[in-house]
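# Architecture and fold: a report
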Amino acid sequence: DSMRLRFIAPSAYLLGGVQDWLYMLVLGLRERGHQVSVGVPDGIYHRLQEYNRNFPGLNAKGFINRTGSDAGRHQSLIAFLRDNPADLVVGVNIGNLYAAHAAIASRRSPSKLVMTLHAIDPDFFEEISTYASVLDGVITTNRLTEVLVKQMQAVPEQRVFYAHYGIVAGPGKTGGDEHRVRVAWAGRIENSQKRVSDLLPILVELDKSGRDYSLSIAGTGPCLDELRGQLGAWVQDGRVIFEGLVQKQDMPKYLAANDLFLINSEWETGPIVAWEAMAAGMAIGSSRYVGSWLEKALIHDSTALLYPIGDAQEACRQLLRLSDL
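Fair warning: this is a prediction, and the values are worked out from it, not measured in the lab.

## Overview of the overall build of the protein
Counting secondary structure elements, the protein contains 12 helices and 13 strands. Dimensions of the protein along its principal axes, counting C-alpha atoms only, are 70 × 40 × 35 Å. Burial status across the protein gives 51% buried among its 325 residues. The long-range share in the protein, meaning contacts at least 24 apart out of those at least 6 apart in sequence, stands at 63%. Across the protein, the mean location of the 32 positive side-chain charges is 6 Å away from that of the 36 negative side-chain charges.

In structure tokens, the structure reads:
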């Protein structure tokens, strides 16, 4: 039977696995006959128009916090949920949703409410504990988060589900310079999770190796200017290229134009871009990030070459091993 589903998600960042997951999921559910819509904040940090341009066909609707306060955000969500009823409301990394839903539920028969968990972050687990009474389910996208939510025992185990990420395969590999190692990095340019500051020591180690290489960096984020400053010498001689925000439809072509994909994260529940890189014919060099072991998608010496988080020497060694395969 057809369902009315309403996803509530952020629109502050336009490049990332969660955004790609939501885009592909919504289009897929619509193809199967469900009435699916997306609601996102709009304002100073969240950008509805740019979000819809980057994800054509999604047609997200915006809600605005006119006071800039937590209370204003809470009230804007209540109004949005009230004016846009659905059979199932799905939270995607958005604050205040569960409190807003609880406020509506106290007045009338509510929609069902589900949280999708895309982060290994204490704040999200605290939300599960706080709003367990109004959550009809928690959908985890990583085996570690599934185990952690079940261990909490805040939500009955039969209402905790696992649904791994998937991708739509793009074009295969494109030709390049067989003497140059072409490395790509893509994501949100920040340190707490993505550890972009690790790129500098990795480049230093690659220089010591004497190999000819290039590093292409796709994305944007709060540490962009800082990273540009750190890598200025490499940018000047053409070995590092900042590509900026690569549009969703252009990402397969961008990946296929490179050889190796580098991940240096502290934690991940995917990342989807790794599966996209594999589909584009790239080899993967990755940190042993929190969330990788139980998921068993990146396996050392099988589907990827792995190194300890923050170990620039070992990261360089594994990248050079990949380049020799």
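Having seen the model, we can carry on.
## Side note on the sheet that holds strand 1 (residues 4-8)
Picture the strands of a sheet paired through backbone hydrogen bonds; they go either parallel or antiparallel. Taken in spatial order, the seven strands of this open sheet run 3-2-1-4-5-6-7, and their pairing is parallel. Every other strand in the sheet has two partners, leaving strand 3 (61-64) and strand 7 (160-162) as the edge strands with one partner each. This sheet shows a mean twist of 25 degrees between the axes of neighbouring strands, independent of strand direction. Here strand 2 (residues 35-42) pairs with strand 3 via four bridges, running parallel. Each bridged residue has a counterpart across the sheet, and for valine 40 the counterpart in strand 3 is glycine 62. Packed onto the sheet, helix 3 (residues 70-83) meets strand 1, strand 2, strand 3 and strand 4 (88-92) and runs at close to 140 degrees relative to strand 3. Each of strand 5 (112-117), strand 6 (137-140) and strand 7 is contacted by helix 6 (residues 143-152), which is oriented at about 170 degrees to strand 7, the strand it contacts most.

## Observations concerning the sheet that holds strand 12 (residues 283-287)
In spatial order, the strands read 10-9-8-11-12-13; together these six strands make up an open sheet with parallel pairing. Each of the sheet's edge strands pairs with one partner strand only, and the pair in question is strand 10 (240-244) and strand 13 (305-307). Neighbour-to-neighbour, the strand axes of this sheet turn through a mean angle of 20 degrees, independent of strand direction. With three bridges connecting them, strand 12 and strand 13 associate as parallel partners. Following the sheet pairing, serine 286 is matched in strand 13 by leucine 306. Along the sheet, helix 7 (residues 199-209) makes contact with strand 8 (181-186), strand 9 (213-218), strand 10, strand 11 (260-263) and strand 13, crossing strand 9 at roughly 165 degrees.

## Thoughts on the nonpolar core
Grouped together as the largest cluster of nonpolar side chains are 47 residues, with contacts concentrated most on Phe7 and Phe261. It is helix 1 (residues 17-31) that provides the largest number of residues to this core, a total of seven residues. In contact with phenylalanine 261, not counting residues within four places along its chain, are Ala184, Trp185, Ala186, Leu255, Val273, Ala277, Met282, Ala283, Ile284 and Gly285. By size, the runner-up hydrophobic cluster in this structure holds 30 residues, among which are Phe63, Leu117, Ala119 and Val138.

## Let's talk about the pattern of salt bridges
Under the criterion given, the structure shown has 19 salt bridges. Of the charged contacts, one joins arginine 188 and glutamate 190 as a salt bridge, the two residues approaching to 3.9 Å between their closest N and O atoms. The network of salt bridges with common partners includes Asp20, Lys248 and Glu276.

## Looking at the pairing of strand 2
With six of eight residues buried, strand 2 is to be regarded as a mostly interior element. Here five bridges tie strand 1 to strand 2, and the two strands are oriented parallel to one another. Opposite phenylalanine 7, over in strand 2, you have valine 38 as the bridge partner. In terms of handedness, the path from strand 1 via helix 1 over to strand 2 forms a crossover that is right-handed. You can see the chain leave strand 2, run along helix 2 (residues 48-54) and come back into strand 3, and the turn it takes is right-handed.

## Some details on the environment of isoleucine 104
Locating isoleucine 104 in the fold gives a position in helix 4 (residues 97-105). Ignoring anything within four residues of it in the chain, the contact list for isoleucine 104 reads Ile78, Leu81 and Arg82.

## Looking at the packing of helix 3 against helix 4
At their nearest, the axes of helix 3 and helix 4 sit 9 Å apart, and the two run at 55 degrees to each other. Between helix 3 and helix 4, the angle falls in the class oblique. Between helix 3 and helix 4 lies a crossing of right-handed hand. Residues His74, Leu77, Ile78, Leu81 and Arg82 of helix 3 form the contact with helix 4, whose own contacting residues are Leu97, Ala99, Ala100, His101, Ala103 and Ile104. Counted by class, the contact of helix 3 with helix 4 contains eight nonpolar, two polar and one charged residues.

## Brief notes about the packing of helix 7 against helix 12 (residues 312-323)
Two elements in contact, helix 7 and helix 12, have axes whose closest approach is 8 Å; the angle formed by their N-to-C orientations is 55 degrees. Relative to helix 12, the element helix 7 is oriented oblique. When you trace helix 7 past helix 12, the crossing you get is right-handed. Contacts between helix 7 and helix 12 involve Pro201, Ile202, Glu205, Leu206 and Ser209 from the former and Ala312, Gln313, Ala315, Cys316, Leu319 and Leu320 from the latter. When its residues are assigned to classes, the contact of helix 7 with helix 12 shows eight nonpolar, two polar and one charged.

## Observations regarding the packing of aromatic side chains
For the structure shown, the criterion picks out five aromatic pairs. Pairing phenylalanine 7 with tryptophan 21 gives two aromatic rings, centres 6.4 Å apart and planes at 80 degrees, and the pair type is edge-to-face. Residue phenylalanine 7 is found in strand 1, and its partner tryptophan 21 is found in helix 1; the two are separated by 14 residues along the sequence. Residue phenylalanine 7 is classed as buried on the basis of its relative accessible area of 3%. Arranged with centres 5.1 Å apart and planes meeting at 45 degrees, the rings of phenylalanine 63 and phenylalanine 80 form a pair that is tilted. Remark: phenylalanine 80 occurs in helix 3 and phenylalanine 63 occurs in strand 3; sequence separation between them is 17 residues. Look at phenylalanine 80 and you get buried, because its relative accessible area is 7%. When the ring centre of phenylalanine 242 is taken as origin, the NZ or CZ atom of arginine 228, which lies over that ring, is 4.7 Å away. Over the ring of tryptophan 293 we find lysine 296, and its NZ or CZ is 4.2 Å from the ring centre.

How each quantity is defined
Residues numbered from 1 in each chain as written. Predicted model: local features only at pLDDT ≥ 70, side-chain atom pairs only at ≥ 80, totals over all residues. Heavy atoms only, no water. Helix = DSSP H or I, 4+ residues; strand = E, 2+ residues; numbered from the N terminus. Buried < 20%, exposed > 50% of the residue type's maximum accessible area, 1.4 Å probe, protein only. Contact = heavy atoms within 4.5 Å. Lys, Arg positive; Asp, Glu negative; His and termini not counted. Charge placed at Lys NZ, Arg CZ, Asp CG, Glu CD. Pairing = 2+ DSSP bridges. Axes fitted to C-alpha atoms, helices over the stretch in contact; angles between N-to-C directions. Core = buried A, V, L, I, M, F, W, Y, C linked by side-chain atoms within 4.5 Å. Salt bridge = Lys/Arg side-chain N within 4 Å of Asp/Glu carboxyl O. Right-handed = clockwise from strand over helix to strand, strands pointing away. Parallel < 35°, antiparallel > 145°, perpendicular 65-115°, else oblique. Left-handed = near helix turned anticlockwise from the far one by under 90°. Nonpolar A, V, L, I, M, F, W, Y, C, P; charged D, E, K, R; others polar. Phe/Tyr/Trp six-rings, centres within 6.5 Å; stacked < 30°, edge-to-face > 60°. Lys NZ or Arg CZ within 6 Å of the ring centre and 35° of its normal.

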